[in-house]
Amino acid sequence: MKKYRWGILAPGKMSAKFTKGIQLFDNAELYAVGSRDASRAEKFAKDFGFKKYYDSYEKLAADPDVEIVYIASPHSHHREQTLLCLRKGKNVICEKAFGLNAREVNEMIREAKKQDLFLMEALWPPFQPFYKKAGEILNSGVLGKPLHLHGYFSFIPPYDPLDRKFNLDLGGGSLLDIGIYPVIDALTFLGVPAGIKASATFSPTGSEESLSAVFSYQGGEMATIYSSFRTNVGIGCDILCEKGNMTVTRGRDMSQKVILSLHGEQEQEYTFNPPAMGYHWEAEEVMRCLDEGLKESPVVPLSFSLDLIKTLDRIREAAGIRFPADDN
Ligand SMILES: NC(=O)c1ccc[n+]([C@@H]2O[C@H](COP(=O)([O-])OP(=O)(O)OC[C@H]3O[C@@H](n4cnc5c(N)ncnc54)[C@H](OP(=O)(O)O)[C@@H]3O)[C@@H](O)[C@H]2O)c1
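Residues numbered from 1 in each chain as written. Predicted model: local features only at pLDDT ≥ 70, side-chain atom pairs only at ≥ 80, totals over all residues. Heavy atoms only, no water.

**So, the packing of aromatic side chains**
Evaluation of the coordinates by the stated rule reveals 12 aromatic pairs. Taken together, a centroid distance of 5.6 Å and an interplanar angle of 45° make the contact between Phe 130 and Tyr 131 tilted. Neither Phe 130 nor Tyr 131 differs from the other in exposure class; each is buried. Among the aromatic residues, ring-to-ring pairing joins Phe 153, Phe 155, Tyr 159, Phe 166, Tyr 181 and Phe 229 into one connected group. Of note, Lys 2 hangs over the ring of Tyr 4, and the distance from its end group to the ring centre comes to 4.9 Å. Sitting over the ring of Tyr 270, Lys 133 keeps its end group 4.4 Å from the ring centre. (Phe/Tyr/Trp six-rings, centres within 6.5 Å; stacked < 30°, edge-to-face > 60°. Buried < 20%, exposed > 50% of the residue type's maximum accessible area, 1.4 Å probe, protein only. Lys NZ or Arg CZ within 6 Å of the ring centre and 35° of its normal.)

This is how it looks when you write it as structure tokens:
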């Protein structure tokens, strides 16, 4: 069994969760951590049992023994850090949102192809049992044609103009942080929309803090997307179909539920509580793909990441949401 040496770039909150997933695999070695700050790198390495730690991302990428890098920095830095790692010969799994806009994501994909290396956006939902269950139910035809999807994600973080959620320079705003999930729901269960209308409200920094979008489809289906840092509605989507409805929800602890409600029948509920909050499946997928010589994941193909970022760009255009980096 081939064992892979993992590197963690930007050891923050999400890296801690993801590392707990990597820890579950015998074919994964917690090898090195790179942070802008030496003491943060050292603490993270010691907390999780990494062999090495570096006080810069460049040093992490330059370590010839690192084989896979997981990137979990603010959205604004994904492009630059993915390019850095690819150019140093590393396979990369990078957090959502993959880049700030389609131009950045295209550049990352071009570099991966040029270097002939593996690249994947770290998207959680496609690996989860509730998503697979929802897909199976829709494909079975029992609900008939889906006509409307209402997807939502909102919570109330403390306002901090420097935090990546509110700082425009870091790609702040609810859309890329949490609104991306109902957009993934719509792309997965209905496809790429033909038309998009959207509207947003903004925080004092100018970052978007609440977003509503309406997707329309050639076949008459529609989706409404809602994300916000001003309300606390939770995370999920309702899929309204000809013969009944399905509700797909998850808790902040990543516990998952699918509720199937056929017209005139009793509800059926399916619940799932995966280990490591379900993040381990993304790590497993990277190693499985590398074992098989694949440069991208069939579960999260790069074409899906491109569809996703193009859709996010269209929403931003419709709602008047801009990042300084859009002008580069
Ligand atoms: N898949 C999921 O379920 C999920 C959940 C939460 C977040 N995420 C994603 O994970 C990524 C990181 O989120 P997080 O909540 O972990 O972020 P975070 O804890 O705020 O920051 C993560 C790391 O990024 C670096 N960083 C922070 N502020 C920076 C700045 N101003 N400039 C440059 N680098 C900075 C720091 O690394 P250093 O130690 O090197 O300074 C920090 O430890 C985001 O892309 C987010 O969307 C995904």
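**A few points about the layout of surface pockets**
Leftover empty space is mapped by rolling, across the atoms, a probe with the size of a water molecule. One number sums up the size of the largest pocket: a volume of about 1100 Å³. If you trace the largest pocket, you find 39 residues lining it, with Lys 13, Met 14, Ala 72, Arg 164 and Asp 177 closest to the centre. Mapped onto the lining of the largest pocket, the elements with two or more residues apiece are helix 1 (13-22), helix 4 (78-87) and helix 7 (174-189). Classifying every residue of the lining of the largest pocket by side-chain character gives 17 nonpolar, 8 polar and 14 charged. Viewed by domain, the lining of the largest pocket spans two of them, domain 1 (4-124) and domain 2 (125-278), each represented by three or more residues. (1 Å grid on protein atoms, 1.4 Å probe; cavity = no way out; pocket = protein on both sides within 12 Å on 5 of 7 lines; lining within 4 Å. Points joined across faces, edges and corners; volume = space filled by probe spheres on them. Helix = DSSP H or I, 4+ residues; strand = E, 2+ residues; numbered from the N terminus. Nonpolar A, V, L, I, M, F, W, Y, C, P; charged D, E, K, R; others polar. Domains from an automatic or database assignment.)

**So, the sheet that holds strand 14 (residues 268-272)**
One open sheet holds the 8 strands; their spatial order is 8-9-10-7-11-12-13-14, and the pairing between them is mixed. Edge positions in the sheet fall to strand 8 (195-202) and strand 14, since each of these pairs with one other strand and no more. Averaged over neighbouring strand pairs, the angle between their axes works out to 10° when direction is ignored. Note: strand 9 (residues 208-216) against strand 10 (residues 222-228), 7 bridges, orientation antiparallel. Residue pairing across strands places Ser 210 opposite Ser 228, the latter belonging to strand 10. The strands touched by helix 6 (residues 129-140) are strand 7 (146-154), strand 11 (234-241), strand 12 (244-250), strand 13 (256-262) and strand 14; relative to strand 13, the strand with the most contacts, the crossing angle is about 20°. Along the sheet, helix 9 (residues 302-319) makes contact with strand 8 and strand 9, crossing strand 8 at roughly 60°. (Pairing = 2+ DSSP bridges. Axes fitted to C-alpha atoms, helices over the stretch in contact; angles between N-to-C directions. Contact = heavy atoms within 4.5 Å.)

**Let's talk about the site of the ligand**
In the region of the ligand, 23 residues are neighbours, and Ser 35, Arg 36, Arg 40, Tyr 57 and Tyr 279 sit closest. At 2.5 Å, a side-chain N or O of Arg 40 approaches an oxygen atom of the ligand. Here Lys 96 contributes a backbone N or O atom positioned 2.7 Å from an oxygen atom of the ligand. Of the pockets mapped on this structure, the ligand occupies the largest pocket. Elements supplying a minimum of two residues to the shell around the ligand: helix 1 and helix 7. (Near = heavy atom within 4 Å. Polar contact = N/O pair within 3.5 Å; in protein donor to acceptor, adjacent residues only side chain to side chain. Sits in = over half its atoms within 2 Å of the grid points.)

**Details of the packing of helix 5 (residues 102-115) against helix 9**
Remark: helix 5 packs on helix 9, axes separated minimally by 9 Å, with the N-to-C direction vectors making an angle of 165°. Of the possible angle classes, the one that applies to helix 5 and helix 9 is roughly antiparallel. Seen from above, helix 5 lies across helix 9 with left-handed handedness. Contact with helix 5, carried on its side by Ala 102, Val 105, Asn 106, Ile 109 and Lys 113, involves Leu 302, Leu 306, Ile 309, Lys 310 and Asp 313 of helix 9 and no other residues of that element. Here the residues of the contact of helix 5 with helix 9 sort into 6 nonpolar, 1 polar and 3 charged. (Parallel < 35°, antiparallel > 145°, perpendicular 65-115°, else oblique. Left-handed = near helix turned anticlockwise from the far one by under 90°.)

**Description of the domain arrangement of the protein**
Partitioning the protein into structural domains gives domain 1 (4-124) and domain 2 (125-278). Computed over C-alpha atoms only, the centres of domain 1 and domain 2 are separated by 27 Å. In this complex, domain 1 contributes 16 residues to the contact, which on the side of domain 2 involves 21 residues. Here domain 1 packs against domain 2, burying approximately 1500 Å² in sum over the two surfaces, 71% of which is carbon and sulfur. Contact with domain 2 buries surface across domain 1, with His 75, Lys 96 and Trp 124 losing the most and accounting together for 52% of the total. Put simply, Asp 177 and Lys 96 hold a salt bridge, and the shortest N to O gap is 3.7 Å. If you list the elements that add at least two residues to the side of domain 1 that touches domain 2, you get helix 1 and strand 6 (119-122). Element by element, the count of residues in the side of domain 1 that touches domain 2 is highest for helix 1, at 3 residues. (Buried area = accessible area lost by both parts, 1.4 Å probe. Salt bridge = Lys/Arg side-chain N within 4 Å of Asp/Glu carboxyl O.)

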